[in-house]
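# Structural overview
Each chain is listed here by its residues.
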Amino acid sequence: MPTEFTFTDLTTDDLARIRDLTETVWFSVTPGKSLEELDDEVDLRHARGLVRAGGALPGEVEEGEATPLMAFYSAFDMGLTVPAAAGALTRVPMDGLTFVSVHPDARRRGVLRAMMTDHLHRVHDRGESALAGLHASETGIYGRFGYGCASVEAKLTLGRGTELRAPAALAAQADEVATHVVTLDSEAALAVLHEAHLACAATALGTVTRPEALAQRWFAFRDHPKARGSAEPRRLLLARRDGQVTGYAVFRRESKWDDGSPAGEVGVAELGATDDAGLLALARRLVDLDLTAKTTFWSRPVDDPVAWWTGSPRGAGAQLYDALWVRLVDVPRALSERGYAEGAPLETVLEVTDEVCPWNAGRWRLQIDAEGRAEVARTDAEPDVVTPVGAMGAAYLGGRTLLAQVPTLGVTERTPGAVRALSRAMRADREPVPAIGF
Ligand SMILES: CC(=O)SCCNC(=O)CCNC(=O)[C@H](O)C(C)(C)COP(=O)(O)OP(=O)(O)OC[C@H]1O[C@@H](n2cnc3c(N)ncnc32)[C@H](O)[C@@H]1OP(=O)(O)O
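Treat the numbers as computed from the prediction; the structure is a model and nothing was measured. (Residues numbered from 1 in each chain as written. Predicted model: local features only at pLDDT ≥ 70, side-chain atom pairs only at ≥ 80, totals over all residues. Heavy atoms only, no water.)

So, about the nonpolar core. Ranked by size, the top nonpolar core spans 55 residues in total, and within it Leu80 and Leu328 carry the most contacts. Apart from the residues within four sequence positions on either side, Leu328 is in contact with Ala130, Leu131, Ala334, Leu335, Asp354, Asn360, Val389, Met392, Gly393 and Tyr396. Counting 30 residues, the second-largest nonpolar core is a separate cluster that includes Leu170, Ala249, Val268 and Ala273. (Core = buried A, V, L, I, M, F, W, Y, C linked by side-chain atoms within 4.5 Å. Buried < 20%, exposed > 50% of the residue type's maximum accessible area, 1.4 Å probe, protein only. Contact = heavy atoms within 4.5 Å.)

Structural data, given as structure tokens:
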């Protein structure tokens, strides 16, 4: 689509302009973030900007300074754990869009539309990843660009000492798990955290992994003293079994007193374990920290055992939010990179509609074998299912079914039963875990 807005690459010379624009758009220190570490955070391989047309306006810059940016975005090289054949999981590359920023003077003139076209076409041209993903600042923005919300996150709030009731055998295994707390401020702690993050990602559908290059720096940006207010610096709780790390939690406490009684609050930003015993051991410690009254677990999957160990999601005060929005940038590659449910082989023809990435539009034959491996090829055959590309993104992780996208995104079937058959093939055994914040 022709556009009057031309985005260009940015370099280290542009970092001051990036900081200025980000500060204007995100009101300086946004919750959990601070601009002081922004330079390290921006991956200039992905960073693109739009300069104010016609030069700076009166009062906007000091003499000799560059014309301000009107828009900016960047992305991270991330991984995403998706369903594989035969009930397994696999990690595929994902281009994680971030810092989408349009200057208040330039809003609602189509700059974001030009930005999204620029971004998605570049991801396609680079060919490193068949998927793009993001967290949406507001829910109504990204569906129009072919993204579908693929995972839902639950926020759980548990009172101090909440009993987590698990089957006796699992509780006994959890008793064998040792845990220890370290401060998340050393190379050693960050290295252990990254290793645990990757190990957990291999076992948890939907996990988004941090870029290797940011493993040591990720929390510097997100845990700046100005942004954390009166809470303590982030800490790491590790689970160990036979000397091996089997799980981790990133948390912090905020000291509070209520009429002389301790009422501290614990916020758990990340919690993962390679087995259920590790998860139970970590969760039990996190709901029983001294001088606290409640623990909030952010970003939990909707089938989280932590919620059910309290009795039900109601017992954990569950509140739901949209988590990762997934966009198929290369439909045939994305559909063959993931696996499908085992069972009878399935052959179906999809007609995909996609205005932003026209190379995806048209008919695709999807052949799934009994193990759940797929081959995808162009075809002229009549379609069994007609779907907007966003519905394939919503169903991609296997949590939100394709069938559920019939009333919401307008998936239609030309062959009776075809949507249900594909929906079942795409369904995963567990709900995806929500993505880390990025
Ligand atoms: C992945 C991330 O980084 S999420 C972060 C997104 N950024 C922010 O929230 C920061 C503050 N906001 C902004 O910078 C801007 O207002 C943006 C990026 C949200 C929108 O940029 P704009 O240039 O104003 O959007 P643009 O004019 O291209 O609008 C494109 C379409 O999106 C719609 N749209 C734009 N913003 C919103 C919104 N907040 N909610 C719903 N729809 C929206 C427009 O109405 C338009 O709709 P159309 O397709 O029917 O014409």
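This is not the end of the story, as more comes after the structure.
Segmenting the protein into domains produces domain 1 (8-147), domain 2 (153-322) and domain 3 (328-426). When each unit is reduced to the centre of its C-alpha atoms, the spacing between domain 1 and domain 3 is 29 Å. Listed per partner, the contact involves 26 residues of domain 1 and 21 residues of domain 3. Among the residues domain 1 hides against domain 3, the three largest losses belong to Pro83, His124 and Ala130. Together they make up 29% of the total. Taken together, the links from domain 1 to domain 3 amount to 0 salt bridges. In this structure, the connection of domain 1 to domain 3 is made through 8 residue pairs in polar contact (both at pLDDT 80 or more). Breaking the side of domain 1 that touches domain 3 down by element, the ones donating at least two residues are strand S3 (69-83), strand S4 (89-102), helix H3 (111-126) and strand S5 (131-134). Broken down by element, the residue count for the side of domain 1 that touches domain 3 peaks at 5 residues, all from H3. Here the side of domain 1 that touches domain 3 is composed, by residue class, of 15 nonpolar, 9 polar and 2 charged. (Domains from an automatic or database assignment. Buried area = accessible area lost by both parts, 1.4 Å probe. Salt bridge = Lys/Arg side-chain N within 4 Å of Asp/Glu carboxyl O. Polar contact = N/O pair within 3.5 Å; in protein donor to acceptor, adjacent residues only side chain to side chain. Helix = DSSP H or I, 4+ residues; strand = E, 2+ residues; numbered from the N terminus. Nonpolar A, V, L, I, M, F, W, Y, C, P; charged D, E, K, R; others polar.)

In this section: the sheet that holds strand S20 (residues 374-378). The strands making up a sheet associate through backbone hydrogen bonding, with each pair oriented either parallel or antiparallel. Spatial ordering of the open sheet is given by S20-S19-S18-S21-S22, a layout of 5 strands whose pairing is mixed. Of all strands in the sheet, those with a lone pairing partner are S20 and strand S22 (412-413), marking the two edges. The pairing of strand S19 (residues 362-368) with S20 spans 5 bridges and is antiparallel. Residue pairing for S20: Leu366 is matched across the bridge by Val376. The strands touched by helix H13 (residues 418-426) within the sheet are strand S18 (346-353), S19, strand S21 (385-388) and S22, with S18 carrying the most contacts at an inclination of about 100°. (Pairing = 2+ DSSP bridges. Axes fitted to C-alpha atoms, helices over the stretch in contact; angles between N-to-C directions.)

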